[in-house]
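Coordinate analysis (summary)
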Amino acid sequence: MSEFIPSFDELKIEKKWQDRWYNNKYFVANDYSEKEKYYSLVEFPYPSGSGMHIGHIRAYLSLDVLSRKRRMEGKNVLFPIGFDAFGLPTENYAIKNQIHPRIVTDNNIKVFKEQLKAAGLSFDFSRVIDTTDPEYYRWTQWIFLKMYEHGLVYKDIAYVNFCPDCKVVLSNEESQGGKCDRCDSDVIQLERDVWFLKITEYAEKLLEGLDELESNSRIRAEQEKWIGKSSGAYINFKISGSEKLLKVFTTRPDTIYGATFMVIAPEHPYLDMFKDQIQNFNEIQDYQQKALLKSEFERIELAKDKTGVEIKGLKAINPLTNEEIPIFISDYVMITYGTGAIMAVPAHDTRDYEFAKKYNLKIIEVIKGGDITKEAFTDTETGLLVNSPLIDGLTVEAAKQKIIEFLEKNQLGELAEQYRMKDWAFNRQRYWGEPIPIIYCDKCGVVPVPYEDLPVTLPMVEKFIPTDTGESPLANIEEFVNCTCPKCGGKAKRETDTMPQWAGSSWYFLRYIDPLNHEKIASKEKLAYWGQVDWYNGGMEHVTRHLIYSRFWNHFLYDIGEVLYKEPYKKRTAQGIILGSDNEKMSKSKGNVVNPMEIIDEFGADTLRTYVLFMSDYEMSTPWSDLGLKGARRFLDKIWRLFPNVKEAETYTPDLERIIHETIKGVGEDIENMKYNTAIAKLMTLLNEYNKKDAITKADYEVLLTLLNPIAPHVTEELWEMLGHETLLVYETYPEYDEAKLVKDEVEIVLSVNGKVRDKIIVENNFDQEKLKSLALESEKVQNHLEGKKVIKIIVVPNKLVNIVAK
RNA sequence: GCCGGUGUGGUGAAAUUGGUAGACACGAUGGACUCAAAAUCCAUUGCCCUUAAAAGCGUGUCGGUUCGAGUCCGACCACCGGUACCA
């Protein structure tokens, strides 16, 4: 980076104002203030050892600017911060370096707090929470027990995603694509004892609640997809020579006349149930074995090549055609979705089509419109039903309804809904997490820890190394494991698994409202005062996991009367990623990582803030540029150097006044719409206007400083003081614009011929339209382009343009 | 495959309801200041032709609607993100 001569001493200035803000608690929110409340929330960081990342800066800046603007607008702003400090990296670091995770975490939090302050972020540091603090996780455990009490927690033996490297059970969301979220190794399926939270019970509420959450289409679409609702029907197929019914779920009951075979998942219980009837049971078992060995990843990778085995000796009966049809097992049907069995309609489903082609099965067209000799016809909009006596000639939509009616009347099936979302696997075999507050007693069985015994604290011990058995390290700690049963007083053992990382972050936004409460999550009075989070900003990567989990917990707490709103957040936004200057994602291995603290040391926090906000649209990903950063500094330098030009002399001009009011309006609107880049551009334009003059008034300069203050708070505060103010800019009144001052006396009118600009003229505002037409025709440049042509019509857009249509 | 987004100068990017494409910034070039450099200030800067003026061409591609399209419609291409035998 090339050297430059600073026009102001950023380190001195920034330190001075940070000390003043934080020591005098300028950003502390007041409970029950007379002022109107505003709650802005950013996702709290995981305090990693490497400190703050440039991404944190971008994520927090948006609502820092907004919160600072809100304070100037007279709002009582709650803009809190905390630390989501449980998690594997800390545990791994602690194991590697033989330091207790408590010490590691405390150190990291200390560093983070200093860095957040060095960036001038206006957080309320009096409400800092730490998810690893027993006073915090007591309530995480409390919510877990409440869920247990309300039947939303259950233990089951289940196939779970297991990471063999981390030795940890993962949720579906943590193992997307068959890879471990953390270490990227292939996830395998293991049978394990698992604690589940019944999030599926809230599927519909979480889906409906999306209507109340203001967000962009992407944020909404990802949540909808993740919940994954689909409507259709359960249909019961008879099994030949048996009383048993084979139940399937389908979204296309209209295609039932085309169901020419059935497919069940390799794990389907009927295989065992009917093993005496199945003639090729050995072959089936072989297939089951192979399917089990395949990782989820392989199952997807090999998706193109469908495999399966016909179950000989077992036939199903199509309830509408009464024909006997074969049953196959295949791993393209999942035991975890629907009923683990499908009716296959090869003519109208691509997967069934592939399977039918491979095994030479009957394909019956029941919807006209495609060419089923070539491919499955899956369109539901255009085709009409054929070969389906009951519903011939109907549209797909009408046929669905009629078939479901028929099925229900004849007790062959029913309307049904399915969700892709599964219950939340909630235990991890780790030390550094919230202990699950459950006790196992030989006499009484599973006993929840009584509420008054919370928190169940993590023992401070030397050894916190994973066991070879894949059990939690807590299992080795006898003084933790052994306890007395709260029911019978006999000997008992504690659950040694801990909660997943997502637990603590599922309700933290509530704790900020009342962080020191010993009786409750938060008092009703304070919850009532602060209400919902008005604006929540965070990473796109948390839109499917954290956002849904936290909405789920909040819905639950609402249902049991602990909180006052169903939906925790009114509005959710997400920032774009800052890429390395090579346009690649920042990573240590690529050597393109930008360290925000180095930037602050060299250029100052104001420069970093201004650049990060100016670099591009806030929601887009953008490459970092050192040169762009210098440009931001140059802008602040120019503002600093403008100071000597501030004179008491009158320099008022109506034109400048209009530009000032335009800027006030534009900057304000831009900030509300997260268009920080154009807000700063408008401030630059205003600065350039000021620079054209030999002198500017104090009042005009103050407008610029006030508008810029939320973005570059330190240097503007310093200049404000230099102007002779004794109070801080932080709580100065935000400027307002005067609508009347926006009106121009004169406007530029574009004259075009056939849509092409040929000339420009200046006329007074609201100039007569007819006169404008004749003025346009008089223009020499316009006439040049009208030569040999006939004017057909003239279009006038008031105060904007005249377009002459000529042939 | 499906869902969402993006595609505009040398670069990052702007552009209300369709109404002057390229605001603002970076870089570059020329000049001023300086012994010189940095910093600063001034000027130019979409492409093409040109001494200049004036034309012409320009928002991923092809078509359409319109007096007028970066913006609306249709078909496609490329890239990014998400998701994936979900029946």
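Quantities reported herein were computed from a predicted structural model and do not represent experimental measurements. Here the residue numbering is sequential within each chain, running from 1 through the sequence in written order. Chain labels run from A onward and ligand labels from 1 onward, assigned in the order the entries are written. Confidence filtering applies because this is a predicted model: local features only for residues at pLDDT of at least 70, side-chain atom pairs given and counted only at 80 or more, and all residues used for totals across whole chains, interfaces and linings. Excluding hydrogens and water, the side-chain values take into account all heavy atoms of the structure.

1. A few points about the overall build of chain A
- A count of helices and strands for chain A gives 25 helices and 29 strands.
- When its C-alpha atoms are laid out on the principal axes, chain A stretches across 105 × 85 × 50 Å.
- Type-normalised accessible area, obtained with a 1.4 Å probe on protein chains alone, sets the label of each residue: buried when under 20%, exposed when over 50%, and partly exposed for intermediate values. Looking at chain A as a whole, 54% of its 807 residues are labelled buried.
- Approximately 36,700 Å² of chain A is accessible, and the part contributed by carbon and sulfur atoms is 49%.
- For chain A, the separation between the mean place of its 103 positive charges and that of its 126 negative charges on side chains is 2 Å. In this description a helix means any DSSP run of H or I spanning at least four residues, a strand means any run of E spanning at least two, and both kinds are numbered starting from the N terminus. Computed with the Shrake-Rupley method and a 1.4 Å probe, the accessible areas treat only the protein chains shown as cover for residues. Positive charges come from Lys and Arg, negative ones from Asp and Glu, while His and the chain ends are left out of the count. Positions of charges follow a simple convention, taking NZ of Lys, CZ of Arg, CG of Asp or CD of Glu.

2. Points about helix 1 (residues 10-23)
- In a regular helix each residue adds 1.5 Å, so 14 residues correspond to 20 Å; helix 1 covers 19 Å between its end C-alpha atoms and thus fits that length.
- Those residues of helix 1 lying buried are Glu-10, Ile-13, Glu-14, Trp-17, Gln-18, Trp-21 and Tyr-22. Around the axis of helix 1, the buried residues are gathered within 135 degrees of arc, so they sit on the same side. Residues Lys-12 and Asn-23 are exposed on helix 1 and point more than 90 degrees away from its buried face. Given a helix with a known number of residues, its expected span is that number minus one, times 1.5 Å. For this quantity, the arc is that covered by the directions from the helix axis to the C-beta atoms.

3. Some points on the state of the cysteines
- When the sulfur atoms of two cysteines come within 2.5 Å, that pair is taken as a disulfide. Tallied over the full model, the rule gives 0 disulfides.
- Free of any disulfide, Cys-444 has its nearest neighbouring cysteine sulfur in Cys-488, separated by 3.7 Å.
- With no disulfide of its own, Cys-483 lies closest to Cys-485 among cysteine sulfurs, the gap being 7.9 Å.
- Residue Cys-483 is classed as buried on the basis of its relative accessible area, which comes to 13%.

4. Concerning the confidence of the model for chain A
- By definition, pLDDT measures how confident the predictor is in each residue, and it falls between 0 and 100. Residue-level pLDDT values for chain A average 90, and 95% of them are 70 or greater.
- Contact criterion: two residues are considered in contact whenever any of their non-hydrogen atoms come within 4.5 Å of each other. Of the regions scoring below 50 in pLDDT, residues 1-5 engages in 7 contacts with residues more than four places distant in sequence or in other chains.
- Here the predicted complex carries an ipTM of 0.95, next to a pTM of 0.93.

5. As for the pattern of salt bridges
- Any Lys or Arg side-chain nitrogen located within 4 Å of an Asp or Glu carboxyl oxygen qualifies as a salt bridge. As enumerated under the stated definition, the model contains 53 salt bridges in all.
- Put simply, Arg-102 and Asp-106 hold a salt bridge, and the shortest N to O gap is 2.8 Å. One end of the pair is Arg-102 and the other is Asp-106, both in helix 4 (residues 101-118) and 4 residues apart, which spans about a single turn.
- Salt bridges linked by common partners bring Asp-31, Asp-124, Arg-127, Asp-514 and Lys-526 together as one network.

6. Description of the nonpolar core
- Leu-116, Phe-123, Trp-624, Phe-635, Ile-639 and Tyr-701 are the most contacted members of the largest nonpolar core, which has 86 residues in total.
- If one sorts the elements of this core by residue count, helix 2 (residues 54-72) sits on top with 9 residues.
- When neighbours within four sequence positions are excluded, Ile-639 is seen to be in contact with Leu-687, Tyr-701, Leu-704, Leu-705, Leu-708 and Leu-719.
- Residues grouped as a nonpolar core are buried Ala, Val, Leu, Ile, Met, Phe, Trp, Tyr and Cys residues, joined through side-chain atoms within 4.5 Å. Judged by nonpolar contacts, the second largest core, of 80 residues, contains Tyr-136, Ile-227, Phe-426 and Val-447.

7. Describing a negative patch on the surface
- Taken together, the side chains of Glu-598, Asp-601, Glu-602 and Asp-626 define an acidic patch exposed on the protein surface.
- In terms of residues, the negative patch owes the most to one element, helix 17 (residues 596-603), which gives 3 residues.
- Structurally, Glu-602 can be placed in helix 17.
- With relative accessibility at 36%, the residue Glu-602 sits in the partly exposed group. Residues qualify for a patch when their relative accessible area is over 30% and they have no salt bridge, like charges being joined within 9 Å and the nonpolar side chains of Val, Leu, Ile, Met, Phe, Trp and Tyr within 5 Å.

8. As for helix 16 (residues 546-559)
- With 14 residues, helix 16 should cover 20 Å at 1.5 Å per step; its first-to-last C-alpha distance of 20 Å lies within 8% of that length.
- Counted residue by residue, helix 16 has 12 buried out of 14 residues, so it is predominantly covered.
- The set of residues buried in helix 16 consists of His-546, Leu-547, Ile-548, Tyr-549, Ser-550, Arg-551, Phe-552, Trp-553, Asn-554, His-555, Phe-556 and Leu-557.
- Directly beyond the C-terminal end of helix 16, a positive phi value near 80 degrees is found at Gly-561.

9. Section: the pairing of strand 5 (residues 153-163)
- In this scheme, strands are said to pair when DSSP sees at least two bridges between them. Pairing of strand 5 with strand 6 (residues 168-170) involves 3 bridges; the strand directions are antiparallel. When the bridges of strand 6 are listed, Cys-163 appears paired with Val-168.
- Joining the antiparallel neighbours strand 5 and strand 6 is a turn of 4 residues, in which Lys-167 adopts a positive phi near 55 degrees.

10. Some details on the packing of helix 18 (residues 605-614) against helix 21 (residues 676-691)
- Closest axis-to-axis distance for the helix 18/helix 21 pair is 7 Å, and the angle between their directions is 115 degrees. In this structure, helix 18 contributes Thr-610, Leu-613 and Phe-614 to the contact, and helix 21 contributes Tyr-676, Asn-677, Ile-680, Ala-681 and Met-684.
- Nonpolar residues are Ala, Val, Leu, Ile, Met, Phe, Trp, Tyr, Cys and Pro. Charged residues are Asp, Glu, Lys and Arg, and all others, Gly as well, are polar. Classifying every residue of the contact of helix 18 with helix 21 gives 6 nonpolar, 2 polar and no charged. Every axis corresponds to a line fitted to the C-alpha atoms, with the helix fit spanning only the stretch in contact, and the corresponding angles, defined between N-to-C directions, vary from 0 to 180 degrees.

11. Considering the packing of aromatic side chains
- Centre distance within 6.5 Å is the pairing criterion for rings of Phe, Tyr and Trp, where only the six-membered ring of Trp is used; planes under 30 degrees apart are then read as stacked, over 60 as edge-to-face, and the remainder as tilted. One pass over the structure, following the stated rule, counts 47 aromatic pairs.
- Measuring from centroid to centroid gives 6.2 Å for Tyr-431 and Trp-432, while their planes differ by 15 degrees, and the two rings are stacked.
- Among the residues examined, Tyr-431 registers a relative accessible area of 0% and is labelled buried.
- Seen in terms of ring centroids, Tyr-611 and Trp-624 are 5.0 Å apart; in terms of plane orientation they differ by 85 degrees. Their pairing is edge-to-face. In this pair, Tyr-611 is assigned in helix 18 and Trp-624 in the loop between strand 23 (622-623) and helix 19 (626-642), connecting sequence segments 13 residues apart.
- Three or more aromatic residues joined by ring pairs form one cluster here, namely Phe-144, Tyr-148, Trp-195, Tyr-202, Trp-226, Trp-424, Phe-426, Trp-502, Tyr-549, Phe-552 and Trp-553.
- Geometrically, a lysine NZ or arginine CZ counts as sitting over a ring once it is within 6 Å of the ring centre and also within 35 degrees of the ring normal. The ring of Tyr-38 is capped by Arg-70, whose NZ or CZ atom sits 4.5 Å from the centre of that ring.

12. Section: empty space enclosed by the protein
- A 1.4 Å probe that fits into a set of points on a 1 Å grid over the protein atoms alone but cannot get out defines a cavity; an open set with protein on both sides within 12 Å along at least five of seven lines defines a pocket, and lining residues are those with an atom within 4 Å of a point. Grid points are joined across faces, edges and corners, and a volume is the space filled by probe spheres set on the points. Counted by the stated rule, this structure contains 3 cavities of 30 Å³ or more.
- Taken as a whole, the second largest cavity holds about 100 Å³ of empty space.
- Along the walls of the second largest cavity sit 14 residues, with Leu-510, Leu-527, Gly-531, Gln-532 and Tyr-565 positioned nearest its centre.
- Split into classes, the residues belonging to the lining of the second largest cavity amount to 10 nonpolar, 3 polar and 1 charged.

13. Looking at the sheet that holds strand 16 (residues 438-441)
- Judged by pairing direction, the sheet is antiparallel, and its 4 strands sit side by side in the order 17-16-19-18 without closing on themselves. Among the strands making up the open sheet, the edge pair consists of strand 17 (445-448) and strand 18 (482-484). Going from strand to strand, the sheet's axes swing by 40 degrees on average, the running direction of each strand aside.
- When strand 16 meets strand 19 (residues 491-494), the two strands line up antiparallel, connected through 3 bridges. Each bridged residue has a counterpart across the sheet, and for Cys-441 the counterpart in strand 19 is Ala-492.

14. Quick word on the environment of Leu-190
- With respect to the secondary-structure elements, Leu-190 resides in strand 7 (residues 188-197).
- For the pair formed by Leu-190 and Ala-695, sequence separation is 505 residues and the distance between their alpha carbons is 76 Å.
- Not counting residues up to four positions away in its chain, the partners in contact with Leu-190 are Ala-158, Tyr-159, Val-160 and Phe-162.

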